[in-house]
Every structure is written in C-alpha cells, then in structure tokens.
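# Commentary on secondary and tertiary structure
Below are the chains, spelled out letter by letter.
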Amino acid sequence: MTTKYTPSQIEPKWQKTWFESNAFLAEVDTSRPKYYVLEMLPYPSGVMHMGHVRNYTLGDVLARYKRAQGFNVMHPMGWDAFGLPAENAAMKKKTHPKTWTLANIAEMKALMKQFGWSYDWSKEVTTCLPEYYGPQQALFLDLYGKGLVQRGETLVNWDPVDQTVLANEQVVDGKGWRSGAPVERRKMPQWVMRITKYADELLADLDKLPHWPARVRLMQENWLGKSRGLEFSFQVKAPSEFRIPNSELRVFTTRPDTIFGATFCCVAPEHPLAALAASNDDKARSFIADAESLGTAQETIDKAEKKGHKTSFTAIHPFTGAELPIYIANFVLMTYGTGALMAVPAHDERDHAFATKYQLPIVEVVSGGEDVQKAPHSGDGQLINSQFLNGMPTAEAINVVISRAEAEGWGRGVTQWRLRDWGISRQRYWGCPIPFIHCDKCGTVPVPREQLPVVLPEDVDITGSGNPLDKHPTWKHVSCPKCNGKAVRETDTMDTFMDSSWYYMRYLCPTSKQPLDKKAVDYWMGSGAAAPNSEFRIPNSASGVDQYIGGIEHAVLHLLYARFFTKALRDTGHVSCDEPFSALLCQGMLIGNAYQKADGTYLYPSQIELRDGKAFEKATGTEVKILPAEKISKSKNNGDSPEELLAKYGADTLRLFILFTAPPERDLEWSEAAIEGASRFLGRLWTLATTTATLPGERVEGFHNTPAEAAIRRKTHQTIQKVTQDIEKFQYNTMVAACMELLNTLTSLAASSFEAARREGVEALIRLLNPAVPHITEELWQMLSTNHESRITNHGPLHTQPWPKHDPALAAADEITLIVQVDGKLRARLTVPADISEEAALAAAHASPEAKPFLTGRQIAKQIYVPGRLVNIATRAL
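If you're wondering where the values come from, they're calculated on a predicted model, not measured in any experiment.

### A closer look at the packing of helix 19 (residues 651-661) against helix 22 (residues 732-747)
Two elements in contact, helix 19 and helix 22, have axes separated by 6 Å at closest approach and are oriented at 110°. Judged by the angle between their axes, helix 19 and helix 22 are roughly perpendicular. Mapping the contact onto sequence places Leu656, Leu659 and Phe660 in helix 19 and Tyr732, Asn733, Val736, Ala737 and Met740 in helix 22.

### Comments concerning the sheet that holds strand 20 (residues 443-446)
Across the sheet, which stays open at both edges, the four strands sit in the order 20-19-22-21 with antiparallel pairing between neighbours. Looking along the sheet, the strands with just one partner apiece sit at the ends: strand 20 and strand 21 (477-479). Strand-to-strand twist across the sheet, computed as the mean angle between neighbouring axes with direction ignored, equals 40°.

### Things to note about the side chain of His438
You can see His438 is positioned in strand 19 (residues 436-439). A distance of 3.2 Å separates polar atoms of two side chains, one belonging to His438 and the other to Thr444. With residues near it in sequence (within four places) discarded, His438 still touches Arg151, Gly443, Thr444, Ala487, Val488, Arg489 and Glu490.

### Quick word on unusual backbone geometry
Cis geometry is found at the peptide bond from Leu452 to Pro453, where omega equals 0°. Among the secondary structure elements, Pro453 is positioned in the loop between strand 20 and helix 13 (468-471). Even without being a glycine, Asn484 presents a positive backbone phi close to 65°. Following the sequence through the fold, Asn484 ends up in the loop between strand 21 and strand 22 (486-489). A positive phi is found at Asp823, a non-glycine position, where the angle reads about 55°. Mapping Asp823 onto the fold places it in the loop between strand 32 (815-822) and strand 33 (825-833).

### Observations concerning the nonpolar core
Tyr36, Phe140, Met193 and Tyr504 are the most contacted members of the largest nonpolar core, which has 176 residues in total. When residues no more than four places from it in sequence are discounted, the contact partners of Phe140 are Val149, Trp191, Met193, Ile424, Ile434, Pro435, Phe436, Met494 and Met498. In terms of nonpolar packing, the next biggest core, distinct from the first, is built from 40 residues, Phe260, Cys265, Leu324 and Ile402 among them.

### Some remarks on the pairing of strand 13 (residues 340-343)
Along strand 13, one buried face is formed by Ala340 and Met342 and the opposite face, lined by Leu341 and Ala343, is buried too. As paired elements, strand 10 (residues 264-267) and strand 13 share four bridges and run antiparallel to each other. If you follow Cys265 over to strand 13, its bridge partner there is Met342.

### Quick look at helix 22
Helix length check: helix 22, at 16 residues, gives a terminal C-alpha distance of 22 Å against a target of 22 Å (1.5 Å per residue), a fit within 8%. The set of residues buried in helix 22 consists of Tyr732, Asn733, Met735, Val736, Ala738, Cys739, Met740, Leu742, Leu743 and Leu746. The inward-facing, buried residues of helix 22 contact helix 2 (50-68), helix 19, helix 20 (672-693), helix 21 (707-728) and helix 23 (755-769).

### Let's talk about the sheet that holds strand 4 (residues 164-166)
Pairing in this open sheet of four strands is antiparallel, and the strands run 4-3-7-17 from one edge to the other. Two strands close off the open sheet at either side, each with one partner strand: strand 4 and strand 17 (422-423). Strands strand 3 (149-159) and strand 7 (184-193) of the sheet are contacted by helix 5 (residues 130-145), whose axis makes an angle of about 90° with strand 7.

### A short note on the layout of surface pockets
A water-sized probe, rolled over the atoms, reveals where empty space remains. Estimates place the volume of the second largest pocket at around 340 Å³. Every residue lining the second largest pocket is counted, 15 residues in all, and those nearest its centre are Trp18, Phe19, Phe24, Tyr119 and Trp121. Looking at the lining of the second largest pocket, the element that brings in the most residues is helix 1 (residues 7-20), giving three residues. Partitioning the lining of the second largest pocket into residue classes produces eight nonpolar, five polar and two charged.

### Topic: the packing of helix 2 against helix 21
It is at 10 Å that the axes of helix 2 and helix 21 come closest, and there the two elements cross at 125°. Looking at the two axes, helix 2 sits oblique to helix 21. Seen along the crossing, helix 2 lies across helix 21 with a hand that is left-handed. Along the contact surface, helix 2 presents Leu62, Tyr65 and Lys66, while helix 21 presents Thr724, Ile727 and Glu728.

### So, empty space enclosed by the protein
Counted under the stated rule, the structure contains three cavities of 30 Å³ or more. Of the volumes computed, that of the largest cavity is approximately 150 Å³. As for the largest cavity, its lining consists of 17 residues, and the residues nearest its centre are Leu84, Glu87, Thr164, Gly464 and Gly466. Among the secondary structure elements, those contributing two or more residues to the lining of the largest cavity are helix 3 (84-93) and strand 4. When the residues that make up the lining of the largest cavity are grouped by side-chain class, the tally is six nonpolar, seven polar and four charged. By volume, the second largest cavity amounts to about 130 Å³. In terms of lining, the second largest cavity is formed by 13 residues, of which the most central are Arg64, Ala68, Asn770, Leu798 and His799. The biggest single contributor to the lining of the second largest cavity is helix 2, with three residues.

### What to know about the pairing of strand 20
In this structure, strand 19 lies alongside strand 20, joined through four bridges in antiparallel fashion. Considered in strand 20, the bridge of Phe436 is made with Pro446.

### Notes on the packing of aromatic side chains
Under the defined criterion, the tally for this structure stands at 40 aromatic pairs. With 5.6 Å between their ring centres and 80° between their planes, Tyr119 and Trp121 make a pair best called edge-to-face. Like Trp121, Tyr119 is buried. Through a chain of ring-to-ring contacts, three or more aromatic side chains come together here, namely Tyr198, Trp422, Phe497, Tyr561, Phe564 and Phe565. Over the face of the ring belonging to Trp475 we find Arg489, whose NZ or CZ atom lies 5.5 Å from the ring centre. Looking at Arg827, its charged tip hangs above the ring of Phe854, at a distance of 3.7 Å from the centre.

### Describing the environment of Trp79
Locating Trp79 in the fold gives a position in the loop between strand 2 (72-74) and helix 3. Each C-alpha atom of the pair Trp79 and Tyr43 lies 6.0 Å from the other, and the pair is 36 residues apart in sequence. Ignoring any residue separated from it by four or fewer positions in sequence, one finds Trp79 in contact with Leu41, Pro42, Pro44, Ile105, Met108, Lys109, Met112, Trp121, Glu124, Val125, Thr126 and Thr127. Reaching out from Trp79, the side chain makes a polar contact with the side chain of Glu124 at a distance of 2.7 Å.

### Here we look at the confidence of the model for the protein
The share of residues in the protein with pLDDT of 70 or more is 94%, and the mean pLDDT across the chain is 90. For the stretch residues 528-541, pLDDT sits under 50, and the model shows 39 contacts to residues farther than four places along the chain or on other chains.

### As for the environment of Asp726
Tracing the backbone shows Asp726 in helix 21. Residues Asp726 and Pro804, spaced 78 residues apart in sequence, show a C-alpha to C-alpha distance of 14 Å. Apart from the residues lying within four places of it in its own chain, the contact partners of Asp726 are Gln731, Thr734 and Met735. Looking at Asp726, its side chain comes within polar contact range of the main-chain nitrogen of Met735, at 3.3 Å.

### Here's the deal with helix 17 (residues 557-571)
For helix 17, spanning 15 residues, the distance from its first C-alpha to its last is 21 Å, which sits close to the expected 21 Å at 1.5 Å a residue. With 13 of 15 residues buried, helix 17 lies mostly within the body of the structure. Of the residues trailing helix 17, Gly573 is marked for its positive phi of about 85°.

Criteria and thresholds
- Residues numbered from 1 in each chain as written.
- Predicted model: local features only at pLDDT ≥ 70, side-chain atom pairs only at ≥ 80, totals over all residues.
- Heavy atoms only, no water.
- Axes fitted to C-alpha atoms, helices over the stretch in contact; angles between N-to-C directions.
- Helix = DSSP H or I, 4+ residues; strand = E, 2+ residues; numbered from the N terminus.
- Parallel < 35°, antiparallel > 145°, perpendicular 65-115°, else oblique.
- Contact = heavy atoms within 4.5 Å.
- Pairing = 2+ DSSP bridges.
- Polar contact = N/O pair within 3.5 Å; in protein donor to acceptor, adjacent residues only side chain to side chain.
- Core = buried A, V, L, I, M, F, W, Y, C linked by side-chain atoms within 4.5 Å.
- Buried < 20%, exposed > 50% of the residue type's maximum accessible area, 1.4 Å probe, protein only.
- Expected span 1.5 Å × (residues − 1).
- 1 Å grid on protein atoms, 1.4 Å probe; cavity = no way out; pocket = protein on both sides within 12 Å on 5 of 7 lines; lining within 4 Å.
- Points joined across faces, edges and corners; volume = space filled by probe spheres on them.
- Nonpolar A, V, L, I, M, F, W, Y, C, P; charged D, E, K, R; others polar.
- Left-handed = near helix turned anticlockwise from the far one by under 90°.
- Phe/Tyr/Trp six-rings, centres within 6.5 Å; stacked < 30°, edge-to-face > 60°.
- Lys NZ or Arg CZ within 6 Å of the ring centre and 35° of its normal.
- pLDDT = per-residue confidence, 0-100.

Structure follows, in structure tokens:
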C-alpha cells in the first residue's frame, strides 16, 4: 500500500485507466435519461491558462456528478481553430496556419488530459478540418435554399493597408487593429445571414430561458433593441441650384411626443442628401471622408466626439412649419433606422452635446424639473410648449402624435430593431470557404453538394495584405456548374462565429456523412428527465444543451448567433429544438496581484514571499511593488502556468483550489497560500482514508446506536444531503467546505472508536469528493475496497459507483438554533429540540434572559412562530 500521497504517481495511473476503459464514452441510449454538459470550446493558441482550468473543472464536477446519478452524460471537447491569429502566427513564425494550429491542439490536448477532465474524446471536433467545415458548407447551402443567406452590398470597415474587411471589434480609435491605418467605411458585396427574420422569436424566447443569468438575457434584449415609434417624413427645402429627386427626409423616433422640441435634423455621411450636399461643397466632402474613418462600430461612434457639417438644406416641421437646419453628423449610421434623425436636444444626451457645440436652440417640451439648458431631461413627464399636447403625460402624447400622423398621411407607427443582419464575409485565408461560384453568364451559383467540401489550398502566400485566396493562381479558377463555362470561386471565407454557432450539435455526430444526425441530435438536445432513484431533475425541461458554461464576454454575439442558428436549422429540418442551451453559467474571471520589480519587470507569484503585508523576491530578498488584483495575463505574470502548478501540486489540488476559493460566478483571486491549503487538505484526506483502510473489518450491522455514534452518523448523512444540494445549485465552494467539516469530525475520532461510523463517513466523504478530486478518491476507494470488509458491495472503480443517498432519519437534527426577535430586533439565539412545538418555542422565547428585559412592562401585540427557525414578538406600551 502506498503510504504517502504522491499525485505524480496516482494521477497518470487513473488517467490511463479511464482512457483505456472508455470510461466517459457517450452514445445514444433511449432507455436512459441524458444530460449534456458543455464548456465553450477554446481557441487553440497553444497556451492554456488557469482561466481555462477553472472553466473546464466547473463542468467536469457536474458531468461526473450526473453520471453517478444515473444519467447518460455527454461531455465533449473540441477546437475553435480558424481565425486571424493563425495567419499572423504563420507570418511571424514562417509556417503554415494549419501546421501551427494542429501543433497547438496537440500540446493543449496533452495538458488537458493531465487534469483528469472526463471528456469523451471520440466526439472531438476541429473546425479548421474539412471533416467539420465541409458539413458546415452543406448547412450553409441549406440555409441559402431557405432564404436565410443572401449576398448584397453593405457598409463595411475596410482596412486599405491589409486590404480586408474588419469586424467592428478590430477597429481601434478609427484605425485597423493590426495595420494602424485609418479605416474606411465602404460599400462592398457581402454574404449575410438574415438573422433579423428571427428578431421577434429571439426576443420572445428569452422567456424560455429562466436558467440563464438575468443580466445575459437583458444584454441580449438590449442588443436586439426592439423599439416602437413613429416613422415620418419632413419636407425638405433646398436652394434653387439643387434638384432634389425626393423632397422628403424620412426619420424614425421612439419619442414622437417630443416632436415640438426638434430644433435640427441629422443625416448619416452615406445618406443621399449628404452626397447631394457634397456635390458642390468641398467642406462637406472632407467632413464625410473624415466621418467614414470611424468605421461602422456603434461603440466607437458613440465614444467619438460628436461632429457635424451644416448643409444648405432645411427640414419643414410638420406642425409649426419652422425650418430646421439639416446637418451631416458623424454619429448617425446609415445602417440603423432611416439613416436620418430629428434632434431634440432638451431631451437627448447626444443631441444636447451636439446643440451645445454648435449653439443650436434647446427647447424644453417635457417637464422634468431640470434646467435643460445645462443637461437634458430624458425621462417621462408632462408635455409643455407643445400646442395640442400640452398637459398630456408622455405615453398619451406618443399615441396622439402617431394617430395624428397616420390620419394626416405623413407618418406611421412602426416597430424597429437595433439588430442588423449578420455579415459573415471575411477577406482572409484561414476560414471556412463560402461554397459559391461566380459566373458572368449564370451569376452566383452554389457549389454542387457532391463537390463539397470546398477545401482550402495549402500552397498560399500569406503576407498580411489582401486575401491569399483571391491571389492564388489556380484555386479560384473553376468551371461553372450550370453552363460549364469559365468561372471563379468565391474567395471570401466565413466569419469564425459561424464555426462556433453549431459545434455543440456536430459533437453529437462527428463522423456522420450528413451535417447532422437528427436522431442523435434529438436525443441529446431533447427534453431531459429524472435520473433513476434521484430526487433531482435536470435544471430545465426545455430543449438544448442542459448546462452550458463560459465567460460573460460571450453573452451577446456567440450566444445570439447560436440561438439564431438553432432556430434556422430547426426550420430547415435538421433539429427539433428551439434553443441551444437550456441553462447557462457565466463563470467569473481569475484575478491576481502583480508583483513589479524596480526595473519594471514582473515576477510570478511563486517567486514571491509575503511578509507583514509586503512582498519580497525569494531569490534576492528585495522588496517589490504589489499591484492591485486584475485579470491574470502573461504580460503581468500574475498567475503561474498550469504546467508548473501541475508539476508542483498535481491536478486534484488545483481543482480543489478552484472550487473552494470562490463561488463559480464570482471572480477568483489567485492565492498561493490557498493552493497550499488545498494540498494540505488532500494530505489529511489521504491519511484518514489510508488509516481507515487498515482498521479491523466490522460491518455496518455493528453500529451500536449510542448518542455519540449517532452524532457522527448524523454529520455524515447531513453532509451527503448538503453536498448533493450544493452541486445542484453550483455552490461548489460550500460543497467543499461541507466535506472539510466532515473530514474534521472524522479525524477527531480516536482510531479505535466508532469504527463502523467512521468507515461509513470516510466512504461517503470519498464518494462526495470524487467529482472534485477524481484521482485521489479513485485511489482511496480502491484501497478501501481491497483492504477491509466494509459497506462497499460493488468493488468496481469509483467512477462507476452510484451517488450516495442520505438517510433522512439519520440526517435530521436533534437540536436547532431558534432566533428570537422582539420588535424586529435580534434579542436571543436559543438551542432547543428540533421537534419543539409552537407553544414550547414561545415559552422558551419569553423565558430567555436575553429577551426578557425587552418584554417586561410591555403588552404583547403579536407573536409569529416560523417552525424550526424564528420567534418574532411585537409589543406595545401598556
């Protein structure tokens, strides 16, 4: 028997055992209830950090627990492997993106296996391989056939140096994130997914997701941006030298009640009226060029200084007949609404800033108590300075203006959305090829299905400028599938969000010749059911992945696109579910203090010794600066690497540290001391279990039912009950804390006392800790199974054992703490029998020395007894 806890020996042994026995293989089995737990797949950068370790450990605890409960558990892993970083790495390291990516995957996968996460690696997918993106191309054609994919001109962010379209997130201060060149706002042919067709359903179905964080649902609701308002047209007055083909300026407002406060109008730089103004105005042309450098990112535009150029056009107010100046403004997007707006500076922050800058009138029309010349009032109120609307509340005034506009024929009530169709074209090499061909005679033609996948060529020249596929001498030149004439392939590739919008379905059938195996998808993403002999059900009976885990940074785009994709594939007949993820957990960040030397360089936490609140470099004894905790990063060295920590502590210690130090949804602060504490706990567990394994055999029937023994067994069964409840609620930190308490209780017993109760407790403790620390518990279970006669009747590996169940009678407390409140204030805490009656509880409260002084000389007005918890007494003067 091993007498010392040695993770470096134990952990590889059990990892090998699990792998060779296919312990975590998941296959369709309709006789069993399923449970699908999933963490967001990683990008294979080649570097795994402790944030990854936290994410995957949280999921693994749940996967192992659900297996023990009797569920057929799907727990897969794969790689989000396309993307621009691989092209950049290829240029820097003078290698091929595929070579770099696959090498990174191999390195990360080997490290992942050392943590003992219970993945079914037979379900692995890699999005940059034809086995994945070929089926994705087939799905793309299906969506095209359903009218959910189209090609047309849209406004994009164009990097003139890198010769590529940039995502909004890649525009930094109006410049390309890599080249640093000023970005141009340009119209280009783009492939778009028609996500707006699902806007209503995407919004309504948020109500089907009660097990998503409220803030994530709100973020999606705001991104969808449904608003009800008035669309109407101003008549436009122009100088005589202009001939305006359409003398109206169409605008949309969600606050038509403020129409009498409009003092100017604004149009986007791409608006036809702006182009007309620029036709004979050099300053207008210059302004438009400058405004276009901001790109199309709403966040960038919102942060930029509000600028405008006054045109010679004016808009005629529909009620007052006043002429309102029309400005070209850098903060108006042609892709949102009508590309024009009426400005009400007294009641809109952006309009107020603009009016103040250009000294335009600010007219208050909604009474709010503020001085609107200094700051706008954007809330509701009573209408003033508004003719027939005066005295009306905001809601009534909105309806009156819409009704009048519709009756008079100059406007209509409409619903608009912030959501825009999803442009997926990227002028890059390392992405999924778009399966279309362009023919001068036949137009844009889909690639025949029998010719899929359209495979990326490997002999490309990646320079960072332009699209390597467009420059390839042969790859793009093909025959038209319709007329057999000369044609060219589409050289744009798909946005990588496409790859991550359906991977959770491909996991379920990674080798299928069809894009999706509907039978497998319907089983794994269908409604869940209760596990055999379990009092718990899966969190939500809605369809989809039962539990999804990932960072809050993916709250909008990835999750929204995945929701759209699921609905679209439902409508093309590939799946039956409406939503991809039934429950969502957004884990907190891993943060830590950085330690900076005098020369500005940073030390790792393992290189630091802390004394009296100060930090010293271990090697030199020199004091270093402690910086505030922030997200762990390579640049600050404020967290040691997983490889180093594994070598020093082992996987189980790191897993326990992650689970115990903070609740999953909260930020976790790095602490070498906390890791040491987790290591000591496992050492104590090892000592207790190995000592118990050598005790003389005594079966459970040998329980003596003495009060002292009953107290030990009560603690054991209460711990089983609490740990089970805590895992269901993702309260992993309190789950570990409960196990620590039980360990303390069992360790305090003399080796020769209460042997049966002790053995029962040790076995329960090992089983309860197995999802958290699977290697050490497997080893200890094996020792207990082979070294003595015990409660263990199935001597198989621990991962095959059922989850322990508590005995309610044994778990019931003999005594409880009763809170006594007098007139709303805590006055006493009483220890009383657990089955105390209401009459006895009230009597004990009145007799309490702590509460009695506050009852003497006063009349009892009301008494409330909350069984097992509280006595609340209200008094009044005599």
